[in-house]
Amino acid sequence: MKPLISLKATFISFIVSFVCIKIAWCNNGRRVSDAQDAEFSDFSVPLEHSFEVDDVGRFRVRGALLLKAGRESGVSLSQNHLTQDDRIKLKDVASVDGLYRIRVPRVSLQADRQMERHMEGYLTAFVRACAMVESHLSDVITLHTDLSGTLIGISIVTLPGACTGTDVEDEVDLELFNTTLSVMAPVNAPGPETALFLERMEQESEKKGKNPQEQKSFFAKYWYLILGGAIFLMASNSAQPPAGGGREQS
Amino acid sequence: MTVPMAKFFLLSFKVIMLCLAVDAVFEDQVGKFDWRQQYVGNVRFAHFDAHLQSSKKVILATEKNVFAAVNTRTGELFWRHVDKNGPEGNINALLHHGQDAVLVVGNGRILRSWDINVGGLNWEIVLDSGSFQAASFVGQQDTVKNVAVLKKTALSLHYLSNGHQKWIENLPDGETVDYQFVYSGGTGEVYVLGVLPHSHIAIVTYSVDDGEIIKQVSVEAPWLSNIQSSCAMVSQGILMCMDTLSTSLYMLDVHAQTQMTQIPLESLGLHVAPDFLPVLVSAQPNPSRRPLSEFLLQLSPDHYLLLQLNNGQIVTLRDFKPAMLASFATTGDKTVVAVMSPKNKTACSVNLFSAETGRRLLDTTLNVNIDPNSGKPEKLYVQTFLKKDDSVGYRVMLQTEDHTLSFLQQPGRVVWTREESLSDVVTMEMVDLPLTGTQAELEGEFGKKADGLMSMVLKRLSSQLILLQAWVAHLWKLFYDARKPHSQVKNDVSIETLSRDEFNLQKMMVMVTASGKLFGIDSKTGTILWRHYLENIPSNAAFKLMVQRTTAHFPHPPQCTLLIKDKDTGLTTLHVFNPIFGKKSHVAPPALPQPILQSLMLPLMDQDYAKVLLLVDDQYKVSAFPSTKNVLQQLQEMASSIFFYLVDSIQGRLSGYRLRTDLSTELIWEVVIPTEIQTIVSVKGKRPNEHVHSQGRVMGDRSVLYKYLNPNLLAVVTESTDMHQERSFIGILLIDGVSGRIIHEVVQRKARGPVHVVHSENWVVYEYWSTKSRRNEFSVIELYEGMELYNSTVFSSLDRPHAPQVLQQSYIFPSSISTMEATLTEKGITSRHLLIGLPSGGILSLPKMFLDPRRPEIISEQSREENLIPYAPELIIRTEWFVNYNQTVSRVRGIYTAPSGLESTCLVVAYGLDIYQTRVYPSKQFDVLKDDYDYMLISSVLFALFFATMISKRLAEVKLLNRAWR
């Protein structure tokens, strides 16, 4: 039994606060049955996909999500090959601008809580089939959970995401999925940052306290300028009357 | 020496003043751009102040928990007291005697007495708990001294002068007997009547002096279930009851008898209309005297009788048929009956009859015209007075189904009307006014097909001539008005003279009220230009108003569609109308037999320029309105790019659908939020008419941070089901409405709703209650694409693989808020403000600049370059930010913003109990000259400069010439 090659890029901190994204690189082409041989405490849920020319949902198994038990719950994905028929069909769907859809059942990612409650229904997402073809099956699947670890949504995007209309000739490119799987839990929103602000205020007031020059009043600081200005004004005022008087005399 | 000093200080002061943002209005601008209208709500009790012959007050207590006095000459408010919202402030009873009005408030919790002259509080006392049943004045020897309050288990008597409790007594058998009625006839006794349904009536007699039980009797009455609805007290303490099953009157003297006397209505020759509960109305003009022995009996919706109890015999004084309404009124010692009877379809008449004899009084006819756009008359309040020749004169206040009060006087003049349904505005839109006839004539040329060069030229010339004529007429009017004093220039607004002004500042406000009445209000003056009452609106209806065609497509009239949905059944009807004239459109709306889940306006237009409205029913089938061939064809072409979403908050399910060419739909994405943990409270998208001018923000280092401008982004607000203050939280989910991709998910821990959200541009602002710190907090989320744009030409939700960068910051706000909205301008160049309605009645215009997650905690050179305000955890309310200065807007429920033709100006309407309209200038009036702009100075300077250049040119020429000669 081969161990899963999993690479965990741990905490990537975002600008505001941390989002815990566990990225799991999946090995492709493994059978689901192999995956189910894994430890019993692990839990596996099917990841299904559907692509039809008439856009009616007929979901088939694409792979399996393996949920690891324990405190540090991780998710990994093992996926099947795309068969020859599927590849042709996918290209057909892409040519009529159909949709490629995926779905997972509603589960809790904490494997120990699996048995507690059974939820009905699926979470679905879609991407244009042409984008799937043109990106050579390289997609990014994100599982979104709520606070309790229950799946609330799934999203799929392809890289690159655009449909430019380029034809994919090589059938081999459409055989293996190149999937990046990540799990996103809700981010804790920051509250008002009072502590840091108060600290800063304190620092500022301390700075002021150290520097008595700052605390002086306007007049205390600039008394010499004001005095100088006043003397200048007085001097110019007193200089004027004689000039005027002189003119009167003449 | 001191003068230059003072000048210096003055100058520096001026500079400081200029630097500070002065947003407030100047004193002479008060009421120039804004107006406020105050309402009271649907009237529950009304009494005319009659203690002075010259009094002109009517006091009203309403279903909106408002107690007010209205001037009967003008219809304006003298004073108004707004109590708490909800059952706490509910007015249970209004008693009026002389100058005092006694109110029982909050299911018998508080007893208040008001002086109605000035609206001041005389006294207020808190009563013992217990649900309120009835209240009445108690008088002795022709003076009213006490108030009796009957509760479920106790009767208390209070002094009218100071509210002190005289005595309180428990009622015997309070658990079984349902006491409902209290009566006093000025005899020194208080009678309390209770009923044990379908068994007997219990009558307890108390002494007014000490509350001692004098007598206690029980009378067999197996047919009776409710005293208040089927009985009345007439003459000297005779209880008159109506039994519907046996259609007979029962009579009981509460002083003496222990047996009820039955009088079948057949014996009086009367017949009750099938399926109608007969109503008895009696009159007690003075609470210290016995009631009149005459009473009214209503036998069918349009049949009243005036009956008299004469020595134990019932005599019919007068038969009123047809009669819509009838009521008693007293002046001096004369009591009259006012009866309103229909004349024809649009008119009614009111006549007075003497209560004692039933004789019609001469010259008392009052004609009432029934407006087809208002509801049926519901209640008649009569104000009577004695004329000089001792005959009775009167005026009436008519309350109609659509919550309108109209005050009429003889011979049929409407003195005033109050549209009280405007106290409950549900939704509104602002519509541009149409062009004037001449402008439209000019516009019309472009719409029509060319029919020859010559005729086109002639048409152009003729329309230019008309324009010239109109301009001359306008100039003449200006000149004519300028000679008159300013106050005399009348600014009459009528529907005919309405036209768009230069800057599109005057618009038509279309308001939808909860009662189902629609209004068209001129935004400049607040004049109601049209009203339209929609009958048969379910009481729990939800409304959505949409503008399908604006006034821009001239020969086609503008068109609004109101979607009315019954919240229980989901059944929906459409009302299509012209928003300028209020007339119902001749376009027939589609019949909608299925409940409607979602409606959406598409930017598609049919050949008549009406936007297409899509309605999704519960079978997920889509119908279009209008559904012409052209529209269906366009829809087929566009189907694969039309997406919509549905929200089911009960199951916590958000789902996305795509339209198919056959107008069916397919489910394409699904997000389910488990309802055990959190529930969806609201979903907010962006406004479709919003423009964003700049794609990014220039940073301190001259690089650009691009905004994530996804027009399909939805902000979903959830609240936790666990309300414990440590574990409660609110969640904000940003979901792309087309692809269903969750863009961002935030949880605010230890927080509780109600959450107010504004979602615009690339930001979401929300306000919540922090249970940890016990305060209101604001939080702002901003989304950025990063330093480079993925696809700068077009935004597609299906092709944006990279998640945006998310920034968030929170602030403390020193007040709770009622509602919140963002300003909106034509091109989105002007900076944004948040308009916040506070419970205190103020409307705060808070610059969005203060809610910016990029506010730095430590100031750097770059942040200074960017003009970012350093972070401070508290948002301060500055008084000059209040846009409504002292014009308090009570109980603001919503704020509506609309762009005007001026980029700097945003029109604002705040509605709640009051309506307030104003303009705001978030970046000051950068495109308008000030009111006090000195045209004289600038033109004289211009002229002076012009002449100076002319002269100096001439001088220079001369000089050159001279030099050449030299």
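Not measured: the values here are computed from a predicted model.

**Student:** What am I meant to see in the confidence of the model for chain B here?
**Tutor:** All names here are of chain B. The share of residues in chain B with pLDDT of 70 or more is 95%, and the mean pLDDT across the chain is 87. Within the model, pLDDT remains below 50 along residues 1–22, and this stretch shows seven contacts once partners closer than five positions in the same chain are excluded. In the predicted assembly, ipTM is 0.77 and pTM is 0.85.

**Student:** I'm lost on a nonpolar patch on the surface in this one. Help?
**Tutor:** Residues and elements named next belong to chain A. Taken together, the side chains of F218, F219, Y222, W223, Y224, L225, L227 and I231 present a nonpolar region at the surface, about 890 Å² in accessible area. Structurally, the position occupied by L227 is in helix α6 (residues 218–249). On the basis of relative accessibility, which here comes to 46%, the residue L227 falls in the partly exposed class.

**Student:** Sorry if this is basic, but what is going on with the sheet that holds strand β11 (residues 143–151) of chain B here?
**Tutor:** Two strands in a sheet stick together by hydrogen bonds in their backbones, pointing the same way (parallel) or opposite ways (antiparallel). Residues and elements named next belong to chain B. A sheet is described by the order of its strands in space; here four strands give the open sequence β10-β11-β12-β13, paired in antiparallel fashion. Since the sheet does not close on itself, it has two edges, and those belong to β10 (132–140) and β13 (165–170), each with one partner. Averaged over all adjacent pairs, the angle separating strand axes in this sheet is 20°, with direction ignored. Sheet analysis places β10 next to β11, joined by eight bridges and oriented antiparallel. Bridge assignment links G139 to a residue of β11, and that residue is V144.

**Student:** Teacher, can you tell me more about the interface of chain B and chain A here?
**Tutor:** Many analyses report the size of an interface as the accessible area lost when the parts associate. Tallying the contact residues gives 52 residues for chain B and 46 residues for chain A. Summed over both sides, the interface of chain B with chain A buries roughly 4,200 Å², with 61% coming from carbon and sulfur. Inspection of the chain B/chain A interface yields one salt bridge. In this structure, E666 of chain B and R101 of chain A form a salt bridge, with 3.0 Å as the shortest nitrogen-oxygen distance. Counting the contacts that link chain B with chain A gives 14 residue pairs in polar contact (both at pLDDT 80 or more). Among the secondary structure elements, those contributing two or more residues to the side of chain B that touches chain A are β46 (665–672), β51 (729–736), β52 (742–749), β55 (775–786) and β56 (805–813) of chain B.

**Student:** Could you clarify how one ought to interpret the pairing of strand β24 (residues 303–310) of chain B in this entry?
**Tutor:** Looking along a regular strand, one sees side chains alternate from face to face of the sheet. Residue and element names in this part refer to chain B. By the criterion of burial, β24 is predominantly enclosed, with seven of the eight residues buried. Relative to β24, strand β23 (residues 294–300) runs antiparallel, the two being bridged by six bridges. Bridging from a neighbouring strand, S300 pairs with H303 of β24. Two successive antiparallel strands, β23 and β24, enclose a turn made up of two residues. Relative to strand β25 (residues 313–320), β24 runs antiparallel, the two being bridged by seven bridges. In the strand pairing of β25, L306 is matched with R318. Joining the antiparallel neighbours β24 and β25 is a turn of two residues, in which N311 adopts a positive phi near 50°.

**Student:** Any chance you could explain the pairing of strand β54 (residues 763–770) of chain B here in plain terms?
**Tutor:** Residue and element names in this part refer to chain B. Where burial is concerned, most of β54 is hidden: seven out of the eight residues are buried. The pairing of strand β53 (residues 751–760) with β54 spans seven bridges and is classified as antiparallel. Bridging across to β54, V757 finds its partner in Y766. Between the end of β53 and the start of β54, which pair antiparallel, lie two residues, with E761 showing a positive phi angle near 40°. Hairpin geometry of β54 and β55 is characterised by an intervening segment of four residues between the two adjacent antiparallel strands and by a positive phi of about 55° at R774.

**Student:** In this structure, what is going on with the environment of T569 of chain B? I would like to understand it.
**Tutor:** With respect to the secondary-structure elements, T569 of chain B resides in the loop between β39 (559–566) and β40 (572–577). Since its relative accessible area comes to 45%, T569 of chain B is described here as partly exposed.

**Student:** So what exactly am I meant to see when it comes to unusual backbone geometry here?
**Tutor:** Where the residue is not glycine, phi is negative for most of them; where a peptide bond is considered, it is trans in most cases. Put simply, Q410 of chain B and P411 of chain B share a cis peptide bond, and its omega is 0°. By the secondary structure assignment, P411 of chain B is in the loop between β32 (404–409) and β33 (413–419).

**Student:** Is there a simple way to explain the UniProt feature "domain: ER membrane protein complex subunit 1 C-terminal" (unreviewed entry) in chain B in this structure?
**Tutor:** Summarizing the sequence annotation, UniProt attributes the feature "domain: ER membrane protein complex subunit 1 C-terminal" (unreviewed entry) to residues 760–965 of chain B in the numbering used throughout. Counted over residues 760–965 of chain B, helix gives 17% and strand 30%. Its end C-alpha atoms are 74 Å apart.

**Student:** I keep staring at the state of the cysteines and nothing clicks. Help me out?
**Tutor:** Residues and elements named next belong to chain A. Per the stated rule, a full pass over the model turns up two disulfides over all chains. At a sulfur-sulfur separation of 2.0 Å, the disulfide partner of C130 is C163. On the sign convention where negative is left-handed, the bridge of C130 and C163, at about 90° about the S-S bond, is right-handed. Taken as a pair, C130 in helix α3 (residues 129–134) and C163 in the loop between β10 (151–158) and β11 (178–184) lie far apart in primary sequence, 33 residues in all. A relative accessible area of 9% places C130 in the buried class. With a relative accessible area of 26%, C163 lands in the partly exposed category.

**Student:** Looking at this structure, I do not really get the pattern of salt bridges. What am I missing?
**Tutor:** Any two side chains of opposite charge can pair, so long as their charged atoms come close to each other. Inspection of the entire model under this criterion finds 40 salt bridges over all chains. The salt bridge partner of E52 of chain A is K89 of chain A, with a shortest N-O separation of 3.2 Å. Taken together, the residues span a long stretch of sequence, with E52 of chain A in the loop between β4 (43–50) and β5 (60–67) and K89 of chain A in helix α2 (residues 84–95) at a distance of 37 residues. In this structure E52 of chain A comes out as buried when scored by relative accessible area, which is 7%. Close ionic contact of R727 of chain B with D722 of chain B constitutes a salt bridge, the shortest N to O distance being 2.6 Å. According to the relative accessible area criterion, D722 of chain B is partly exposed, its value standing at 31%. When salt bridges that share partners are traced, they join E52, D54, R58, R60, D86 and K89 of chain A into one network.

About the cut-offs
- Residues numbered from 1 in each chain as written.
- Chains lettered and ligands numbered in written order.
- Predicted model: local features only at pLDDT ≥ 70, side-chain atom pairs only at ≥ 80, totals over all residues.
- Heavy atoms only, no water.
- pLDDT = per-residue confidence, 0-100.
- Contact = heavy atoms within 4.5 Å.
- Patch = residues over 30% accessible without salt bridge, like charges linked within 9 Å, V, L, I, M, F, W, Y side chains within 5 Å.
- Areas by Shrake-Rupley, 256 points an atom, 1.4 Å probe, with all protein chains shown as cover.
- Salt bridge = Lys/Arg side-chain N within 4 Å of Asp/Glu carboxyl O.
- Helix = DSSP H or I, 4+ residues; strand = E, 2+ residues; numbered from the N terminus.
- Buried < 20%, exposed > 50% of the residue type's maximum accessible area, 1.4 Å probe, protein only.
- Pairing = 2+ DSSP bridges.
- Axes fitted to C-alpha atoms, helices over the stretch in contact; angles between N-to-C directions.
- Buried area = accessible area lost by both parts, 1.4 Å probe.
- Polar contact = N/O pair within 3.5 Å; in protein donor to acceptor, adjacent residues only side chain to side chain.
- UniProt positions renumbered as here; feature names shortened; annotations may be inferred.
- Disulfide = S-S within 2.5 Å.

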